[in-house]
Each structure stands twice: as structure tokens, then as C-alpha cells.
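# Chain and residue survey
These are the residues of each chain, in order.
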Amino acid sequence: MASPSPSVVSVLFIYISLFTALSLAEDPFVNYDFEVSYITASPLGVPQQVIAINGHFPGPTINATTNNNVVINVRNKLDEDLLMTWAGIQQRRCSWQDGVLGTNCPIPPKWNWTYQFQVKDQIGSYFYFPSLNFQRASGGFGGFIINNRPIIAIPFDTPDGDITILIGDWYTRNHTALRKALNAGKDLGMPDGVLINGKGPYRYNNSLVPDGIDYETIHVHPGKTYRIRVHNVGASTSLNFRIQNHNLLLAETEGSYTVQQNYTSLDIHVGQSYSFLVTMDQNASTDYYIVASARFVNESLWKRVTGVAILHYSNSKGKASGPLPDPPNDEFDKTFSMNQARSIRWNVSASGARPNPQGSFRYGSINVTDLYVLKNKPPVTINGKQRTTLSGISFVNPATPIRLADHFKLKGVYKLDFPNKPITGPPKMATSVINGTYKGFMEIILQNNNTKVQTYHLDGYAFFVVGMDYGEWTENSRGTYNKWDGIARTTTQVFPGAWTAILISLDNVGIWNLRTENLDSWYLGQETYVRVVNPEPNNKTEFPIPDNALFCGSLSKMQKPQDISLATSIMGNNRSNLFFSLVVMICVAVISSFR
């Protein structure tokens, strides 16, 4: 057999070089396997059923870097349907992976489903959780970190360590019992405790905290500075976070670097995430308390639900003792927490995921194309059932997800008729969706006419929080807006009897969930979706439906009955097809050279 000619060798070299270059240039993949199951745990000293991931409660922290492709294979070992959502992860052009009922059919018990999405042009601190059936109240949550690429500097010295802390109110009843109570028209009542990283309180008080409860200990070294990422993953309680004798230097929230300023404590509302830089500059005579306590409640009644963990210096000489550090003393000052929220500003001189400064996006000078005033009220009775509403509409999830209905051009699944202002008639139940204008700039007013704090989250986007105040919003309220350095984030609080204004650039095509993060209000209907469609024919602004898409509702006949654990998404197939094509080209060249 003849040897390959020099020309053929040159062609082979070019093919191999092309393959290598394309492989190296492609954004890396990070892979996780999640087995979601029940385990028995006793975070408050009472054995109960919790939702674990890979046998652990809470679940593992996902660690990715800007532009990584994240692949998470989820095996559902619960006895009910499951969806995992990635709160705050914007999933550019890919609402197919959002993990809520408006976009995805649930993963049936004993089935696998592989999520795959790119954390495109993002950094920051987020968390994930199960989005169906009140399941987050039983666990299934964990942190999600997106690091800067090495070429993009962070706007502070590299910390000596990175610590994730998950705080949240907790009930000893599991999620099925809690949702049964809601279905019966009952209130959930006071939680049984506040957990820190899935563990109960340190026994700082013998009468309030029973003996034998396992508590969280955070190990640190003196003189070091740590980035501490705190997420409120609870059901419905706003919490004040503080570390005894230590300053919290706020540095980032939900993907935006902030103007750095010190807080002795910070209110963290349900669904919110913050990054603090904490320097271990105290003496090591004792350990220190880490505290998460309920806000806007009768403190004397709620003392027993305070979460307490321990900050342990490596050279500590004794246990923490004495009273907990005081919460904010604002019983008669309802504006304290709001002013604290207003003080959080965007660091417009810092780069985020991209080399260009974030402040180059001058949101204050963009013309608003759509205005929506969304008002919530206390629960109401509709058709004999207790429901919650947005602008008088209680959302009903359709049997066929909205995104699937659009793709297969199904009629009658939903209506694009969500009102710009609250309806004047009696409240109603409907699958009513906001019709977003692609590349439009939407102003949303969140008006809270309930008696407790509500937090609102929009999937697929970061929005600018430009104003908040007590009373009813009017057009004159725009005169108070921050049009220069309002923080961009994914979840914002709305205080009772108050409003919050947000601005959103609708550049991410898809069907995106707008909801309250308070689980009881969300479960009872306080949500809707924003539909953003590129009107251009044959547009390339959204990834195609994944190969492993699940089908349900009127499309259930399309679902193959076999286990789908080997299915991959369209992004994965593109990568495989590229590899296969190049290998075939090389093989053909080699065979041809020997003829």
C-alpha cells in the first residue's frame, strides 16, 4: 500500500488543526448527576421526610464559570412529578430548560431528564430548587455559583475562601401536608424554626432550643477574608442575617456587583441572594453567632424560630455564649428596611461577565414601550376555593405547557390578555399571559396591598429596581426613580402597603415565569408568564426544542413510553455532530491517500 502523499498529509494536518481549534474554542461543559429522593432527617429534632439530592440535604452547590454549558441529569425518585428550576440563571435563548410548568412537562417518577443550558454572560450567586407542588418546603435546594472568567477581574481582592449559606423558615410538616392545608383554605401558621444549611439552631438558649439538635459550624481562619453567599430558600418569611461582631461588606447580589458598603445586618427576603465579604478580624476568645431571625413579626412570639449557626475561628478558645446580636430596632420605623433596600446600588464601574463596564447600559435613557401595574391582595375565594391573585387574576397552569403549545401551534391553551392594570370586576381564574414586545423596554409596577412582604422573581431576566415607596403608585412616582445606578437583579421585595418599580429590557426570547417567591401565594395562583417572541421569520434567537423534550396534556401521545435517560438536548447533539463530521472527514482523507 502506498504511503500518503505530502499533499494528503497537509490536508490531514489542516483537518486536525481545525478540529483542535474548534474543540478548544468551544465553551467548556460542567456535568452534574442529581438523584432526587426522600430521606428522613431531624433538622429541628423531630424526624421528618425531606427531599435530598444524592442523599444530602441541602443539595450540592453547582459551580460554573461564565459561558459554561451546564448539564444536569436529574433522576426523579420521588413519588410525584418533579421539575427543577434555576432561580436567576438567565438561560439565554433557552426557556425550554427553565423548569417551570409554563415551559416544561414534569419529570415523572422513576424517570430521568437532562437539563442543558449555557450560563451566557453571567456571574454571581443563585440557587436552584424544585418548582412543583410546594416541594421546596421539604428541601431539594442548593446553591449555584457562576464565577468570572480568568480574564475578567472581580472588583475586589480575591477572597481566601467561598462559603454558601442557605437560610429559610421551616416546618416539621412536609410539603404534602402543607399544601393540603392550603387546599383546605387554611393558613400555614408560624414556622417551627429557621434552618441554616439544613440544620437547626445552636443551643444559645436552653429554654427556647431543645438539646440534641445538630447545628451548622462555619470554619474560618483569623485574618482571612471570605466571600459568604447567603440565599433565603424558605417558604414565606423575610429574615435578617447577621454575624456577631463582624461587618458584612456587600459585594454582589444575583449577578450584579454592588457599590461596596458595610452592614451590621441585612434583611434577606424569600428567594433573594447576596454576597458579602467578611474579614475575620476579631479575637479568638470565643466562637461567634451567625443569626437568621424573622422580620416584621411579633418578635416575642417568634424567638423560638430563630436560626443560629456558629462561626468558628481555627484558634478559637471557647464556645459562643451570651445573648444573640440584636436585630434592627425599628419596631416603630417602617421605613428602615426599605431605606436599607434603597441603599443597595449597582457598581457601574465594575465589569461583570463581559469586558465592557455594566454601566454602559444606560437604562434611565431608554423609552418605555409597555407599562404593567400588577397588584396583589390578600387571598380571596374563587369558585369556593381560596386563591391568590395578580391584578385580580389567579393563574391556572394549563395541562399543556405554554411553550409547547406555541411550538406545535395549539389553540386555546392560554390567552395573551393579561391586563395592563388590575381588573375592576370580581377576581377570576385564568391562564392569562403578558404579551411582551421583543426588544421592548417594559416598566412593571408591583403593588402590594397585602399585609406581609412579597418578593417577585422573573425567570430569564435581570431587571433594574428603580424605585420603591409606601402608598399607591402613580405616574408622578416616576420622579423618585433612580435612573443611574439602580441594582439589576432577579428578585425584589415589595413591602406591605407599598410599591416597587422595575424596568426590563425584553431581549431574551421565550416564555418566562413572573411569580411571587412566597410559596403559599405562588401555590395559590399569584403568578403569570411573559411571552417574548421574535416576529422575524426563521429567526435564530432561540434554541430549537430539545431532542429529549417531554410531552404532556394534549401532546401526551407524542411521549415515548420507554425510559428517556439516554436522551440529550439539542446543544449536546450539535457538539456530537461536529465531532462526528470532522472524524469522518479525517477518515475519508486517510482512506483516499492509500488508493
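Structure shown above.
Residues numbered from 1 in each chain as written. Predicted model: local features only at pLDDT ≥ 70, side-chain atom pairs only at ≥ 80, totals over all residues. Heavy atoms only, no water.

### A few points about unusual backbone geometry
In this chain, F57 is followed by P58 through a cis amide linkage whose omega measures -5°. Within the fold, P58 resides in the loop between β2 (48-53) and β3 (62-65). Positive phi, close to 55°, is recorded for N197, a residue that is not glycine. Tracing the sequence through the fold places N197 in the loop between β10 (193-196) and β11 (217-220). Unlike most non-glycine residues, K409 shows phi in positive territory, near 55°. (Helix = DSSP H or I, 4+ residues; strand = E, 2+ residues; numbered from the N terminus.)

### Quick look at the pairing of strand β8 (residues 142-147)
As a general feature of sheets, a regular strand has side chains that alternate between the two faces. Of all the six residues making up β8, five are buried; the element is thus mostly covered by neighbouring parts of the structure. Strand direction decides the pairing type here: strand β7 (residues 124-130) and β8, joined by five bridges, are antiparallel. Counted as the bridge partner of Y128 is G142 from β8. (Buried < 20%, exposed > 50% of the residue type's maximum accessible area, 1.4 Å probe, protein only. Pairing = 2+ DSSP bridges.)

### Notes on the sheet that holds β7
The mixed open sheet is built from four strands, whose spatial order is β3-β8-β7-β5. The open sheet has two edge strands with one neighbour each: β3 and β5 (84-87). Neighbouring strand axes in the sheet, compared pairwise and without regard to direction, differ in orientation by 25° on average. (Axes fitted to C-alpha atoms, helices over the stretch in contact; angles between N-to-C directions.)

### Remarks on the sheet that holds strand β30 (residues 491-494)
On the basis of which strands lie adjacent, the open sheet formed by five strands has the order β25-β33-β32-β27-β30 and mixed pairing. What marks the edges here is a single partner per strand, and that holds for β25 (434-437) and β30. Pairwise comparison of adjacent strand axes, ignoring direction, gives a mean angle of 25° for this sheet. Here four bridges tie strand β27 (residues 454-458) to β30, and the two strands are oriented antiparallel to one another. By the bridge assignment for β30, T455 is matched with Q493.

### Looking at the state of the cysteines
This structure, assessed with the given rule, holds one disulfide. Disulfide pairing is shown between C105 and C552; the S-S distance is 2.1 Å. Judged by the torsion about the S-S bond (-85°), the C105/C552 disulfide is left-handed. Of this pair, C105 sits in the loop between β5 and β6 (112-118) while C552 sits in the loop between β33 (527-533) and α7 (570-593), and the two are 447 residues apart along the sequence. By the burial criterion, C105 is buried, and C552 matches it. (Disulfide = S-S within 2.5 Å.)

### Some remarks on the side chain of T237
Mapping T237 onto the fold places it in the loop between β12 (225-232) and β13 (239-243). According to the relative accessible area criterion, T237 is buried, its value standing at 6%. Among the polar contacts listed, one links the side chain of T237 to the side chain of D169, at a separation of 2.6 Å. The residues contacting T237, other than those within four sequence positions of it, are D169, P191, N232, V270, A294 and W302. (Polar contact = N/O pair within 3.5 Å; in protein donor to acceptor, adjacent residues only side chain to side chain. Contact = heavy atoms within 4.5 Å.)

From the geometry alone we can't say anything about function, so treat these as descriptive.
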